[in-house]
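Listed below are the residues making up each chain.
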Amino acid sequence: MTEAYIVATARSPIGRARKGSLAGLRGDDLTARMVEAALAKVPALDPARVEDLMLGCGMPGGEQGMNMARIVSVLLGLDGVPGTTVNRYCSSSLQTTRMAFHAIKAGEGDVFVSAGVESVSNSMRGSSDYIPGEKLTNPRFDEAMARTEARAVGGADAAGLRPWRDPREDGLLPDAYIAMGQTAENVAELRGVTRDEQDAFAARSQQRAEAAIASGFWANDITPVTLDDGTVVSADDGPRAGVTVEALAGLDPVFRPDGTVTAGNCCPLNDGAAAVVVVSDRIVDELGLTPLARIVSTGVSGLSPEIMGLGPVEASRRALARAGLSIEDIDLVELNEAFAAQVIPSARELGIDPERLNVHGGAIAVGHPFGMTGARITSTLINGLAATGGRYGLETMCVGGGQGMALVLERV
């Protein structure tokens, strides 16, 4: 059967939203630069042979609207390359890689670009499809949303709901519009994740990122971006040197007055873009390419939106089963750090060795531009396997709306 290989990746630095290094750069322009950089790493491949440019974006509105993928191909002078923009929130560009994988497996193409972008700084600027004061949410979710709001204001004990329980037990729909921080608090209650555990994990993420910067790992992973004023951005904005558990313990909870989730133990809002070139084994042989990794399998799953942070568990199990592997076979795991509150129980339920998990730091340190993250983690995982000599890697993440997604790679 036809195999799908990743032959190049490129990912921008990750900027802090609205006040960071990439805040003045449009998402389509940033994406075009990363797609161009990824294709340039495969000089034997004529970019005109790309059969589809598939772009993940978590908030495709305003400057990120109008089918941004097609805008990118036109910006690059690739008028003959079609484009589609895909939204699966946090896993949008993992979804586009999955689409490329499936197309190749189905024999419906040999060369694809999977890309991802999020410019939180600019995503809604220029949007004309929202009328101030207009209610956009489905009223069928009003009661569930009111329950979420009660907990946000009155704490976890509001309405006698500690620990979290499935709203369907009370005859309610789950809150499909729930704030992600509220889902993290729900997961912390449901799985008994303490504030101390979350702060310890967050400190570890920052410390590992700091060590990876010192070793040169992140410099190898990042494609620098030159701004219009000539400034070169070559590092992520997020990692902070010298972060300690003691310092994190002094931060107040953000989402509930008696909560455990703080600005220090969750990811920030960010800007960034990444691209992955996926080809068939036929193209590898024809052009004499050296692949970086083989895509082995993928998995996607659903669960209550109110506990979306546990999404990686079932998605990873499905991807591993399709690969014929167990978690013990996996050399490195990249589990997106949306919140320490959800990474900790997800990793425990999957039986992930902490010494194989996010070994260079994760999104708590480096950031999480929603649509970019899937492709960014793919790049980080491939480079991590190369640096450590590992064979198999697992990429997985929770997804807003109550989903999980995962991908298994083999370094070749």
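All values derive from a computational prediction rather than experimental measurement.

The rules behind each value
- Residues numbered from 1 in each chain as written.
- Predicted model: local features only at pLDDT ≥ 70, side-chain atom pairs only at ≥ 80, totals over all residues.
- Heavy atoms only, no water.
- Helix = DSSP H or I, 4+ residues; strand = E, 2+ residues; numbered from the N terminus.
- Buried < 20%, exposed > 50% of the residue type's maximum accessible area, 1.4 Å probe, protein only.
- UniProt positions renumbered as here; feature names shortened; annotations may be inferred.
- Axes fitted to C-alpha atoms, helices over the stretch in contact; angles between N-to-C directions.
- Parallel < 35°, antiparallel > 145°, perpendicular 65-115°, else oblique.
- Contact = heavy atoms within 4.5 Å.
- Nonpolar A, V, L, I, M, F, W, Y, C, P; charged D, E, K, R; others polar.
- 1 Å grid on protein atoms, 1.4 Å probe; cavity = no way out; pocket = protein on both sides within 12 Å on 5 of 7 lines; lining within 4 Å.
- Points joined across faces, edges and corners; volume = space filled by probe spheres on them.
- Expected span 1.5 Å × (residues − 1).
- Patch = residues over 30% accessible without salt bridge, like charges linked within 9 Å, V, L, I, M, F, W, Y side chains within 5 Å.
- Areas by Shrake-Rupley, 256 points an atom, 1.4 Å probe, with all protein chains shown as cover.
- Salt bridge = Lys/Arg side-chain N within 4 Å of Asp/Glu carboxyl O.
- Polar contact = N/O pair within 3.5 Å; in protein donor to acceptor, adjacent residues only side chain to side chain.
- Phe/Tyr/Trp six-rings, centres within 6.5 Å; stacked < 30°, edge-to-face > 60°.

**Q** Would you take a moment to explain unusual backbone geometry for this structure?
**A** Negative phi values dominate among residues other than glycine, just as trans dominates among peptide bonds. In this model, arginine 18 sits at a positive phi of 70°, which is unusual for a non-glycine residue. Summarising the element assignment, arginine 18 is placed in the loop between strand E2 (15–16) and helix H1 (27–40). Judged by relative accessible area, which is 58%, arginine 18 ranks as exposed. Even without glycine at this site, asparagine 67 takes up a positive phi of about 50°.

**Q** Teacher, can you tell me more about the UniProt feature "domain: Thiolase C-terminal" (unreviewed entry) in the protein chain here?
**A** Those residues carrying the UniProt feature "domain: Thiolase C-terminal" (unreviewed entry) are residues 289–411 in this numbering. The span residues 289–411 shows a helical share of 38% and a strand share of 25%, and its end C-alpha atoms are spaced 14 Å apart.

**Q** Please clarify how the packing of helix H6 (residues 195–215) against helix H11 (residues 340–350) should be interpreted in this entry.
**A** Geometry of a packed helix pair, given as the angle between the helix axes and the separation of the axes. Packing of H6 against H11 leaves a shortest axis separation of 9 Å and a crossing angle of 90°. In this view, H6 runs roughly perpendicular relative to H11, as classed from their interaxial angle. For the pair H6 and H11, the contacting residues are Glu197, Gln198 and Phe201 in the first and Ala340, Ala341, Val343, Ile344 and Arg348 in the second. Tallied by class, the residues present in the contact of H6 with H11 amount to five nonpolar, one polar and two charged.

**Q** Would you explain the layout of surface pockets in this entry?
**A** Any empty space left between atoms is shown by rolling a water-sized probe over those atoms. Of the voids in this model, the largest pocket is the one considered here, and its volume is about 1,300 Å³. For the largest pocket, the lining is made up of 45 residues, of which Met59, Val120, Met180, Leu269 and Phe370 are closest to its centre.

**Q** Looking at this structure, I do not really get helix H5 (residues 180–191). What am I missing?
**A** Owing to its 3.6 residues per turn, the α-helix brings residues three or four apart onto one side. With twelve residues, H5 should reach 16 Å at 1.5 Å per residue; the first-to-last C-alpha distance of 17 Å fits that figure. Buried residues dominate H5, accounting for nine of its twelve residues. Within the span of H5, buried status applies to Gly181, Gln182, Thr183, Ala184, Glu185, Asn186, Val187, Ala188 and Glu189. Structurally, H5 contributes buried residues whose contacts are with helix H4 (142–154), H6 and H11. Downstream of H5 by one or two residues, glycine 192 has phi in the positive range, about 65°.

**Q** What exactly am I supposed to notice about a nonpolar patch on the surface here?
**A** On the surface, a cluster of nonpolar side chains totalling about 320 Å² of accessible area is made up of Met66, Ile71 and Leu75. You can see isoleucine 71 is positioned in helix H2 (residues 68–75). Residue isoleucine 71 is classed as partly exposed on the basis of its relative accessible area, which comes to 34%.

**Q** Honestly, empty space enclosed by the protein in this entry has me stumped. Any pointers?
**A** Applying the stated criterion to the full structure yields one cavity of 30 Å³ or more. Quantified by volume, the largest cavity comes out at close to 70 Å³. Along its surface, the largest cavity is lined by Arg147, Thr148, Arg151, Leu161, Trp164, Arg165, Ile178, Asn186, Arg256 and Glu306. Top contributing element to the lining of the largest cavity by residue count: H4, with three residues. A breakdown of the residues in the lining of the largest cavity according to their chemical character gives three nonpolar, two polar and five charged.

**Q** In this structure, what is going on with the side chain of threonine 380? I would like to understand it.
**A** Here threonine 380 is to be found in helix H13 (residues 370–388). A residue is classified by how much of its surface remains accessible, and threonine 380, at 0% relative accessible area, is buried. A distance of 3.1 Å separates polar atoms of two side chains, one belonging to threonine 380 and the other to aspartate 221. If we ignore the near neighbours within four places in the chain, the residues touching threonine 380 are Phe217, Trp218, Asp221 and Glu334.

**Q** Even after reading the chapter, I still don't get the packing of aromatic side chains, so can you show me in this structure?
**A** What the rule picks out here adds up to three aromatic pairs. Note on phenylalanine 141 and tyrosine 177: the rings are 5.6 Å apart at their centroids and 85° apart in plane angle, and the pair reads as edge-to-face. Here the residue phenylalanine 141 occupies a position in the loop between strand E5 (111–119) and H4, and tyrosine 177 occupies one in the loop between H4 and H5, the gap between them amounting to 36 residues. Looking at tyrosine 177, the relative accessible area reads 39%, which means it is partly exposed. Measuring from centroid to centroid gives 5.2 Å for phenylalanine 217 and tryptophan 218, while their planes differ by 75°, and the two rings are edge-to-face. Accessibility assignment for this pair places phenylalanine 217 and tryptophan 218 in one class, buried.

**Q** What is the right way to read the pattern of salt bridges from this model?
**A** Opposite charge on two side chains permits them to pair, given that their charged atoms come into close proximity. Here the structure, examined in full by the defined rule, presents 22 salt bridges. Across the pair aspartate 199 and arginine 195 runs a salt bridge whose closest N-O atoms are separated by 2.8 Å. Linking aspartate 199 with arginine 195, this pair stays in helix H6, spanning four residues, or about one helical turn. Among the residues examined, aspartate 199 registers a relative accessible area of 1% and is labelled buried. For arginine 195, a relative accessible area of 17% corresponds to the buried category.

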